[in-house]
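# Chain and residue survey
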Amino acid sequence: RHGAVKNEDTFKTSPFHLDLWFYFTLQNWVLDFGRPIAMIILPLEWFPLNKPSAGDYFHMAYNVITPFLLLKLIERSPKTLPRSMVYVSIIMFVMGASIHLVGDSVNHRLIFSGYQHHLSVRENPIIKNLKPETLIDSFELLYYYDEYLGHSMWYIPFFLILFIYFTGCFTPVAEESRMPAAALLLMGPSSLYYWYLVTEGQIFILYIFTFFAMMALVMHQKRKGLVLDSNGLFLFYSFIITLVLIAVWVVWLWNDKILRKKYPGVIYIPEPWAFYTLHMNNLHAAKESF
(Lines give C-alpha, C1' and ligand atoms only; values in the text may rest on other atoms or scores of the structure.)
Protein backbone atom coordinates (compact mmCIF):
# COMPACT_ATOMS: atom_id res chain seq x y z
CA ARG A 1 0.00 0.00 0.00
CA HIS A 2 1.38 3.41 -1.01
CA GLY A 3 2.20 5.56 1.97
CA ALA A 4 2.00 2.71 4.45
CA VAL A 5 5.03 1.97 6.62
CA LYS A 6 5.84 -1.70 6.96
CA ASN A 7 6.91 -3.00 10.35
CA GLU A 8 10.12 -4.46 8.97
CA ASP A 9 11.03 -1.13 7.35
CA THR A 10 12.21 0.21 10.68
CA PHE A 11 15.01 -2.36 10.77
CA LYS A 12 16.25 -1.99 7.22
CA THR A 13 19.48 -0.13 6.67
CA SER A 14 20.73 1.60 3.55
CA PRO A 15 24.38 2.07 2.55
CA PHE A 16 25.66 5.53 1.70
CA HIS A 17 24.39 6.52 -1.75
CA LEU A 18 27.72 7.78 -3.06
CA ASP A 19 26.62 7.70 -6.68
CA LEU A 20 23.38 9.62 -6.15
CA TRP A 21 24.86 12.26 -3.82
CA PHE A 22 27.79 12.73 -6.20
CA TYR A 23 25.47 13.16 -9.19
CA PHE A 24 23.33 15.57 -7.17
CA THR A 25 26.33 17.69 -6.23
CA LEU A 26 27.82 17.64 -9.72
CA GLN A 27 24.66 18.56 -11.60
CA ASN A 28 23.70 21.19 -9.01
CA TRP A 29 27.01 22.97 -9.47
CA VAL A 30 27.19 22.60 -13.25
CA LEU A 31 23.55 22.94 -14.31
CA ASP A 32 22.21 25.32 -11.65
CA PHE A 33 25.09 27.41 -10.31
CA GLY A 34 26.95 27.20 -13.62
CA ARG A 35 24.13 28.27 -15.93
CA PRO A 36 24.37 32.07 -15.43
CA ILE A 37 28.16 31.84 -15.56
CA ALA A 38 28.02 29.97 -18.89
CA MET A 39 25.62 32.60 -20.22
CA ILE A 40 28.03 35.42 -19.34
CA ILE A 41 31.37 33.92 -20.39
CA LEU A 42 30.36 32.32 -23.71
CA PRO A 43 30.48 34.61 -26.77
CA LEU A 44 27.25 36.51 -27.34
CA GLU A 45 27.48 35.71 -31.08
CA TRP A 46 26.83 32.05 -30.29
CA PHE A 47 23.64 32.79 -28.37
CA PRO A 48 21.94 36.04 -29.59
CA LEU A 49 19.82 37.93 -27.08
CA ASN A 50 16.60 36.90 -28.86
CA LYS A 51 17.48 33.19 -28.57
CA PRO A 52 17.93 30.84 -25.59
CA SER A 53 21.35 31.18 -23.95
CA ALA A 54 23.72 28.39 -22.94
CA GLY A 55 22.42 28.81 -19.39
CA ASP A 56 18.88 28.10 -20.60
CA TYR A 57 19.97 24.75 -22.02
CA PHE A 58 21.69 24.02 -18.71
CA HIS A 59 18.41 24.85 -16.96
CA MET A 60 16.45 22.54 -19.28
CA ALA A 61 18.82 19.69 -18.47
CA TYR A 62 18.49 20.46 -14.74
CA ASN A 63 14.68 20.31 -15.01
CA VAL A 64 14.92 16.77 -16.40
CA ILE A 65 17.81 15.30 -14.41
CA THR A 66 16.93 16.59 -10.92
CA PRO A 67 13.41 15.04 -10.73
CA PHE A 68 14.91 11.74 -11.91
CA LEU A 69 17.56 11.83 -9.17
CA LEU A 70 14.95 12.75 -6.54
CA LEU A 71 12.82 9.77 -7.56
CA LYS A 72 15.86 7.45 -7.43
CA LEU A 73 16.68 8.80 -3.96
CA ILE A 74 13.15 8.07 -2.75
CA GLU A 75 13.32 4.56 -4.24
CA ARG A 76 16.42 3.79 -2.20
CA SER A 77 14.84 4.75 1.10
CA PRO A 78 14.77 1.81 3.54
CA LYS A 79 11.19 2.80 4.42
CA THR A 80 8.07 2.84 2.28
CA LEU A 81 7.38 6.55 1.82
CA PRO A 82 4.12 8.32 0.77
CA ARG A 83 4.40 7.91 -3.00
CA SER A 84 1.40 10.10 -3.88
CA MET A 85 2.91 13.08 -2.04
CA VAL A 86 6.25 12.44 -3.72
CA TYR A 87 4.70 12.34 -7.21
CA VAL A 88 2.68 15.51 -6.66
CA SER A 89 5.81 17.23 -5.31
CA ILE A 90 7.80 16.15 -8.39
CA ILE A 91 5.09 17.54 -10.69
CA MET A 92 5.07 20.87 -8.83
CA PHE A 93 8.87 20.93 -8.87
CA VAL A 94 8.99 20.58 -12.66
CA MET A 95 6.29 23.23 -13.11
CA GLY A 96 8.06 25.71 -10.80
CA ALA A 97 11.50 25.11 -12.31
CA SER A 98 10.04 25.57 -15.81
CA ILE A 99 8.36 28.85 -14.84
CA HIS A 100 11.66 29.97 -13.36
CA LEU A 101 13.48 28.99 -16.56
CA VAL A 102 11.52 31.54 -18.60
CA GLY A 103 11.70 34.40 -16.08
CA ASP A 104 15.33 33.81 -15.20
CA SER A 105 16.32 33.59 -18.86
CA VAL A 106 14.93 37.05 -19.62
CA ASN A 107 16.20 38.61 -16.39
CA HIS A 108 19.75 37.37 -16.88
CA ARG A 109 19.79 38.42 -20.54
CA LEU A 110 18.91 41.91 -19.38
CA ILE A 111 22.37 42.11 -17.77
CA PHE A 112 23.80 42.67 -21.27
CA SER A 113 21.54 45.73 -21.57
CA GLY A 114 22.69 47.21 -18.26
CA TYR A 115 20.15 45.68 -15.85
CA GLN A 116 21.45 45.74 -12.25
CA HIS A 117 20.24 42.98 -9.94
CA HIS A 118 21.03 44.94 -6.79
CA LEU A 119 18.28 47.42 -7.72
CA SER A 120 14.54 46.82 -7.79
CA VAL A 121 12.75 46.59 -11.14
CA ARG A 122 11.45 50.19 -11.03
CA GLU A 123 14.81 51.60 -9.89
CA ASN A 124 16.77 50.11 -12.78
CA PRO A 125 17.89 52.83 -15.24
CA ILE A 126 16.97 50.73 -18.29
CA ILE A 127 13.49 50.02 -16.92
CA LYS A 128 12.26 53.24 -15.30
CA ASN A 129 12.40 55.23 -18.55
CA LEU A 130 10.29 52.77 -20.54
CA LYS A 131 7.29 54.16 -22.41
CA PRO A 132 4.45 53.52 -21.95
CA GLU A 133 4.86 53.07 -18.20
CA THR A 134 2.63 50.01 -18.26
CA LEU A 135 5.63 48.13 -19.69
CA ILE A 136 7.23 48.46 -16.26
CA ASP A 137 4.28 46.53 -14.82
CA SER A 138 5.00 43.77 -17.33
CA PHE A 139 8.62 43.55 -16.18
CA GLU A 140 7.47 43.45 -12.55
CA LEU A 141 5.14 40.58 -13.49
CA LEU A 142 8.06 38.78 -15.09
CA TYR A 143 10.09 39.36 -11.90
CA TYR A 144 7.19 37.98 -9.83
CA TYR A 145 7.05 34.78 -11.89
CA ASP A 146 10.82 34.41 -11.66
CA GLU A 147 11.55 35.28 -8.03
CA TYR A 148 8.32 34.45 -6.21
CA LEU A 149 5.97 32.02 -7.96
CA GLY A 150 8.72 30.09 -9.75
CA HIS A 151 10.91 29.86 -6.66
CA SER A 152 8.01 28.77 -4.43
CA MET A 153 6.81 26.03 -6.79
CA TRP A 154 10.43 24.93 -7.32
CA TYR A 155 11.91 24.97 -3.82
CA ILE A 156 8.97 23.98 -1.60
CA PRO A 157 8.58 20.55 -3.32
CA PHE A 158 12.38 20.15 -3.44
CA PHE A 159 12.81 20.58 0.32
CA LEU A 160 9.65 18.58 1.01
CA ILE A 161 11.04 15.59 -0.92
CA LEU A 162 14.36 15.86 0.90
CA PHE A 163 12.52 15.90 4.23
CA ILE A 164 10.31 12.95 3.25
CA TYR A 165 13.45 11.02 2.38
CA PHE A 166 15.06 12.14 5.65
CA THR A 167 12.20 10.57 7.65
CA GLY A 168 13.36 7.16 6.44
CA CYS A 169 17.03 7.67 7.38
CA PHE A 170 16.87 6.19 10.89
CA THR A 171 18.24 2.91 12.15
CA PRO A 172 18.54 1.14 15.55
CA VAL A 173 22.06 -0.01 14.65
CA ALA A 174 24.62 2.46 16.03
CA GLU A 175 27.32 1.15 13.67
CA GLU A 176 25.27 2.36 10.70
CA SER A 177 25.47 5.93 12.01
CA ARG A 178 28.83 6.61 10.43
CA MET A 179 29.78 8.42 7.25
CA PRO A 180 32.45 7.12 4.87
CA ALA A 181 35.34 9.35 3.81
CA ALA A 182 33.65 10.02 0.47
CA ALA A 183 30.67 11.53 2.29
CA LEU A 184 32.95 13.91 4.19
CA LEU A 185 34.53 15.03 0.90
CA LEU A 186 31.12 15.68 -0.68
CA MET A 187 29.78 17.55 2.34
CA GLY A 188 31.68 20.77 1.59
CA PRO A 189 30.54 21.21 -2.02
CA SER A 190 27.02 20.09 -1.10
CA SER A 191 26.74 22.58 1.78
CA LEU A 192 28.15 25.40 -0.34
CA TYR A 193 25.54 24.71 -3.01
CA TYR A 194 22.73 24.79 -0.44
CA TRP A 195 24.12 28.15 0.71
CA TYR A 196 23.83 29.42 -2.86
CA LEU A 197 20.33 27.94 -3.20
CA VAL A 198 19.06 29.60 -0.02
CA THR A 199 20.68 33.00 -0.59
CA GLU A 200 20.05 33.35 -4.33
CA GLY A 201 16.57 31.84 -4.07
CA GLN A 202 15.68 33.96 -1.02
CA ILE A 203 14.18 30.92 0.69
CA PHE A 204 15.71 31.20 4.16
CA ILE A 205 12.32 30.76 5.88
CA LEU A 206 11.68 27.54 3.96
CA TYR A 207 15.18 26.27 4.65
CA ILE A 208 15.16 27.06 8.37
CA PHE A 209 11.72 25.48 8.89
CA THR A 210 12.93 22.35 7.10
CA PHE A 211 16.05 22.30 9.28
CA PHE A 212 14.01 22.75 12.48
CA ALA A 213 11.70 19.93 11.38
CA MET A 214 14.73 17.71 10.81
CA MET A 215 16.10 18.54 14.29
CA ALA A 216 12.73 17.84 15.90
CA LEU A 217 12.51 14.49 14.11
CA VAL A 218 16.06 13.55 15.18
CA MET A 219 15.23 14.27 18.85
CA HIS A 220 11.91 12.40 18.59
CA GLN A 221 13.50 9.32 17.04
CA LYS A 222 16.34 9.40 19.56
CA ARG A 223 13.81 8.76 22.33
CA LYS A 224 12.87 5.56 20.46
CA GLY A 225 16.49 4.45 20.34
CA LEU A 226 16.90 5.27 16.63
CA VAL A 227 19.82 7.15 15.12
CA LEU A 228 20.51 8.64 11.70
CA ASP A 229 22.17 6.41 9.13
CA SER A 230 25.03 7.65 6.92
CA ASN A 231 22.68 9.25 4.37
CA GLY A 232 20.68 11.04 7.03
CA LEU A 233 23.88 12.30 8.69
CA PHE A 234 25.16 13.58 5.35
CA LEU A 235 21.96 15.55 4.73
CA PHE A 236 21.69 16.81 8.32
CA TYR A 237 25.32 17.96 8.61
CA SER A 238 25.13 19.60 5.18
CA PHE A 239 22.22 21.70 6.43
CA ILE A 240 24.15 22.65 9.58
CA ILE A 241 27.18 23.81 7.58
CA THR A 242 24.83 25.71 5.26
CA LEU A 243 23.47 27.64 8.23
CA VAL A 244 27.02 28.58 9.27
CA LEU A 245 27.83 29.76 5.74
CA ILE A 246 24.67 31.89 5.63
CA ALA A 247 25.59 33.48 8.95
CA VAL A 248 29.10 34.32 7.67
CA TRP A 249 27.62 35.78 4.46
CA VAL A 250 25.19 38.01 6.37
CA VAL A 251 27.84 39.24 8.83
CA TRP A 252 30.21 40.05 5.96
CA LEU A 253 27.62 42.22 4.15
CA TRP A 254 25.88 43.53 7.26
CA ASN A 255 26.92 47.17 6.72
CA ASP A 256 26.39 47.30 2.95
CA LYS A 257 23.95 50.23 2.64
CA ILE A 258 22.97 49.58 -0.98
CA LEU A 259 22.14 45.91 -0.41
CA ARG A 260 20.36 46.88 2.81
CA LYS A 261 18.05 49.04 0.70
CA LYS A 262 17.38 46.17 -1.72
CA TYR A 263 16.68 43.71 1.12
CA PRO A 264 14.84 45.59 3.88
CA GLY A 265 13.16 43.92 6.82
CA VAL A 266 14.19 41.70 9.69
CA ILE A 267 15.67 38.92 7.53
CA TYR A 268 18.60 40.39 5.61
CA ILE A 269 20.17 37.84 3.25
CA PRO A 270 21.55 39.39 0.03
CA GLU A 271 21.58 37.43 -3.22
CA PRO A 272 25.03 36.51 -4.60
CA TRP A 273 24.09 37.82 -8.05
CA ALA A 274 23.01 41.15 -6.56
CA PHE A 275 26.41 41.32 -4.87
CA TYR A 276 28.06 40.51 -8.21
CA THR A 277 26.29 43.23 -10.21
CA LEU A 278 26.94 45.76 -7.44
CA HIS A 279 30.60 45.09 -6.59
CA MET A 280 32.19 42.65 -9.05
CA ASN A 281 30.90 44.43 -12.15
CA ASN A 282 32.34 47.68 -10.82
CA LEU A 283 35.63 45.94 -10.14
CA HIS A 284 35.77 44.61 -13.72
CA ALA A 285 34.94 48.04 -15.13
CA ALA A 286 37.72 49.61 -13.04
CA LYS A 287 40.26 47.09 -14.35
CA GLU A 288 39.22 47.72 -17.96
CA SER A 289 39.66 51.48 -17.50
CA PHE A 290 43.38 51.07 -16.73
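In the block above lies the structure referred to throughout.
Conventions we followed
Residues numbered from 1 in each chain as written. Predicted model: local features only at pLDDT ≥ 70, side-chain atom pairs only at ≥ 80, totals over all residues. Heavy atoms only, no water. Core = buried A, V, L, I, M, F, W, Y, C linked by side-chain atoms within 4.5 Å. Buried < 20%, exposed > 50% of the residue type's maximum accessible area, 1.4 Å probe, protein only. Contact = heavy atoms within 4.5 Å. Axes fitted to C-alpha atoms, helices over the stretch in contact; angles between N-to-C directions. Helix = DSSP H or I, 4+ residues; strand = E, 2+ residues; numbered from the N terminus. Parallel < 35°, antiparallel > 145°, perpendicular 65-115°, else oblique. Left-handed = near helix turned anticlockwise from the far one by under 90°. Nonpolar A, V, L, I, M, F, W, Y, C, P; charged D, E, K, R; others polar. Salt bridge = Lys/Arg side-chain N within 4 Å of Asp/Glu carboxyl O.

Residues W21, F166 and F239 are the most contacted members of the largest nonpolar core, which totals 64 residues. Each residue touching W21, except ones within four places of it in the same chain, is listed here: F16, L73, Y165, L186, N231, F234 and L235.

Our next topic: the packing of helix α5 (residues 134-166) against helix α8 (residues 230-252). Contact geometry for α5 and α8: axes closest at 10 Å, N-to-C directions at 135°. When the axis of α5 is compared with that of α8, the two are oblique. For the element pair α5 and α8, the recorded crossing hand is left-handed. Contact with α5, carried on its side by F159, L162, Y165 and F166, involves N231, G232, L235, F236 and F239 of α8 and no other residues of that element. Looking at the contact of α5 with α8 residue by residue, the class counts come to seven nonpolar, two polar and no charged.

Glancing now at the pattern of salt bridges. By the definition in use, this model includes seven salt bridges. Salt-bridge contacts for R122 lead to D137; the nearest nitrogen and oxygen are separated by 2.6 Å. Residue R122 is located in the loop between α3 (83-109) and α4 (125-128), and its partner D137 is located in helix α5; the two are separated by 15 residues in the primary sequence. Of the residues examined, D137 reaches a relative accessible area of 39% and is grouped as partly exposed. A salt bridge links R122 to E140; its shortest N-O distance comes to 2.9 Å. Separated by 18 residues along the polypeptide, R122 in the loop between α3 and α4 and E140 in helix α5 bring together distant segments of the chain. Look at R122 and you get partly exposed, because its relative accessible area is 39%.

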